[in-house]
Amino acid sequence: MELVIALGMNGIVWGLIIALIALGLSIIFGLLDIINIAHGDFFMVGTVLAWFVLETTGNYWLAFFIVPVIGFAMGALIEYTVIQPIKNAAALSIVATFGLSIILQESVRGTFGAAPTRLVPPIETTVPLFGLEYEVYRLFAALVSIAAIVVFFGFLHRTKMGTWMRAVRFDPETATAMGIPARRVYIVTFAIGFAMAALGGVVAAPITTVDFQAGVDILPFCFMAVIIGGLGNLEGTVAAAVMLAFFEGIMASFFDPTIARIGSLCLMSIVLLIRPHGIFAGATR
Amino acid sequence: MTKDAKTTKRQTAGPKTAERGQTRRSFLQTALAGGAAATTAYLGITHDAFSKESGPIVIGHQCELTGGFSSWGYWHDKCAKAAVKLINEGGGIAGRKLEMAVEDTESNPAAGARKLRSLIQRRKASFIVGSVHSGIMLASIPIATELKIPYFSAGEATEATGSKGTRYSFRTGSDTYALAAAGVPWAMENLGKNWTMIFPDYAWGHSHHEEHRKLIEAAGGKVNDPIAVPLGTKDLVPYLARIPEETEVLFSVFFGALSVAFYTQQKSMRLDEKMKMYSVSGTIEAIDPRDIGGATEGVYFLENFPRPLEFKNDEYHKQFNELMEIDHVYAKEKGSNRVMAKSHAWQSYENFFALKAAIEASGWQRKKDTPGVIEALEGLEMENSLAHPQGAKVLRAEDHSGMIDCYMSRVEDSKFVLKKRIPRAELEAKLPPRYDFRTYKL
């Protein structure tokens, strides 16, 4: 029973980190209709920048502030140079972001090398939790993720830019007719998506690894969360990410973890069969 | 052709014309046409032989320059280039220049197999120094065999010189069969008898598990249920949580990012305080223990080539390190952060010299002579030298497997410290050949 609770709890913690990253993917899709194949690489850039900040300043905590800002700037630049020219062409967006993914990976490989590295967690202590020696940093990472998600929803619902983002997402033509600067909203949205993935990278780097392919494996899980949550449904994405990881954690305590992974994929298939627009389809844009 | 025929026909049309029209012009026309035809025919027949006998010998290098194995691939490429340079400076192979054709496998079996065909069919490679990626090498052996080209594997899955091996597949390095035989006796005696194995869910990991399990159980040890981790897993806690409490030895086999993730997460769960950690060199290849914050401290690794010079302290090892531009302790490249994938990459260097020896011994001139090279490779003895800095070895005739010295080391203060050298003679005694490829037709 202890193992069930421990792995369930670990699933929630991991799910919250994934939710932070997947949320960026969801807003980019929800507003811009861009299927962003490079989103995992935005996460990877976050892990590499976190490592770089630690190497140059010796202070890991700085990365929590600096990296999202760099991510935001990079996101704005990419939206302006890569996404804008192919807007309104969903098929092209897949090709363009796939190319972007390769460029980001190879740039990091060329600059920092191909060998993976490790970031020592800024909090190194562990606590005995339901039979496991559990890292305190993981609990901290979950708290940071919750805080970032809350701040994001606060921004979306309490600020003028947030209101514009929702308006453009709901009806871009009318929003433009009402004087909302849709062009600027697109840039800010994409930049926020990048910044959130980069922050996810900072949070997750001490748990996983820093390497040029770190984003490749995280992307499918993010897509699963976005699809099960309902395409473009932000609250649904968060809930689905946490539920998926929790479900996989519980399954892993009873079965082989590989079976647990297969189980979560089966769950996604069932959801797509029963509710093709996702579990939280009612709230979809 | 038609013109020549007409000319011939005209000339033989009637004696009258021949007698009358034999002018200087007609004589020259006939002579030139005949000469051209003869030259064309001669070149057509002998083109292949002529160009092969005096032109360069092309050896293909199937290498992981990009993708997940690129931190290893960089070194395989560097080793291959160094070998080619040395061979050409020494007069080439049998007086012919050695030319290397390189293709990037992208660390992907499908791409690797496609690139192998390209090396052989488009770039005309006569021999292949192959991949270190077990999936790629296993996908490549049937192709090399079909095209009758000798192929050197550098990966560890035993199948390459076992159940999926052929007369054309060779490996100078060790496989999972040899690594298990080299490491298990010492580890059983010094680390413990209750084992749990955790490995990536693909050929290499399963191969290690199977070979180790047999030996541990035969020696009276207990092997708990294996834990196979899907490739690309980020959070290993669900897998690490399943390791039984009674485990004395945790045997792990990972590579690259998954390896770092494993050591990072096991360290944070303090597993290394409860059990001995043991692994093979592939898990720590191209990684400097100093770069992963002490996560591998105290871990035992079975190496194929000791990382510090002092544990195989000879002139050839030293010269090889200098060729690779690495330091003598951490095997780190001068002027960069790269750490040499030393336990594997030497094969991409030595295999060129093994091929040179076999080509010269067999008198190979062209593709039809390839069976002679294969026969020369079977049982090839290699002396400790600059051509074979890893040490003296033999390419066993029966199963085409390299018999080499292995080294049991432990990470102490981020350095590899030798605990036991396992000489190849000891291994040969424990590893009877399970296949005899000499019975396969060439």
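Shown above is the structure to which this text applies.
Summary of the structure given here. (Residues numbered from 1 in each chain as written. Chains lettered and ligands numbered in written order. Predicted model: local features only at pLDDT ≥ 70, side-chain atom pairs only at ≥ 80, totals over all residues.)

**Considerations on the overall build of chain A**
Condition: The numbering of helices and of strands both runs from the N terminus, where a helix is a DSSP run of H or I of at least 4 residues and a strand a run of E of at least 2. This radius of gyration counts C-alpha atoms alone. The globule rule is 2.2 Å times how many residues there are, raised to the power 0.38. To sort residues by burial, count the other C-beta atoms lying within 10 Å of each one's C-beta; a count of 20 or more means buried, 12 or fewer means exposed, and anything in between means partly exposed. C-beta atoms are built from the backbone. Contact between two residues is assigned whenever their backbone-derived C-beta positions fall within 7 Å.
When you go through chain A residue by residue, the secondary structure sums to 11 helices and two strands. Across chain A, helices and strands are ordered from the amino to the carboxyl terminus as α-α-α-α-β-β-α-α-α-α-α-α-α. Since a compact globule built from 285 residues should have a radius of gyration of about 19 Å, the 19 Å found for chain A is in line with a globular shape. Of all 285 residues assigned to chain A, the portion counted as buried reaches 52%. Residue pairs at least 24 apart in sequence account for 77% of intrachain contacts in chain A once pairs closer than 6 positions are excluded.

**A closer look at the environment of E106(B)**
Residues and elements named next belong to chain B. Within the secondary structure, E106 is located in the loop between strand 2 (98-104) and helix 5 (109-122). Classification of E106 by C-beta neighbours within 10 Å gives buried; the count is 20. Not counting the four nearest positions on each side in its chain, E106 is found in contact with T66, G67 and A111.

**Here's the deal with the sheet that holds strand 2 of chain B**
All names here are of chain B. For clarity, the threshold we go by: Should DSSP find at least two bridges between two strands, the strands are regarded as paired. Geometry is summarised by axes, namely lines fitted to C-alpha atoms with helices restricted to the contacting stretch, and by angles between N-to-C directions that run from 0 to 180 degrees.
One open sheet accounts for five strands, arranged 2-1-3-4-5; its pairing is parallel. Strand pairing shows two members of the sheet lacking a second neighbour, strand 2 and strand 5 (169-170), which therefore form its edges. In this sheet, strand 3 (residues 127-129) lies alongside strand 1 (residues 57-63) in parallel orientation, the contact comprising three bridges. Looking across to strand 3, one finds that I59 is bridged to F127. The strands that helix 4 (residues 70-89) touches are strand 1, strand 2 and strand 3; relative to strand 2, the one it contacts most, it runs at about 170°. The sheet strands contacting helix 5 are strand 1, strand 2 and strand 3, and the helix crosses strand 1 at an angle near 170°.

**Focus: the interface of chain A and chain B**
The criterion, for reference: Only Asp, Glu, Lys and Arg are considered charged, only Ala, Val, Leu, Ile, Met, Phe, Trp, Tyr, Cys and Pro nonpolar, and every remaining residue, Gly among them, polar.
At the junction of the two partners, chain A supplies 30 residues and chain B supplies 31 residues. Put simply, the parts of the chain that give the side of chain A that touches chain B at least two residues each are helix 1 (2-32), strand 2 (132-135), helix 10 (234-254) and helix 11 (257-274) of chain A. In terms of residue count, helix 1 of chain A provides more of the side of chain A that touches chain B than any other element does, five residues in total. When its residues are assigned to classes, the side of chain A that touches chain B shows 14 nonpolar, nine polar and seven charged.

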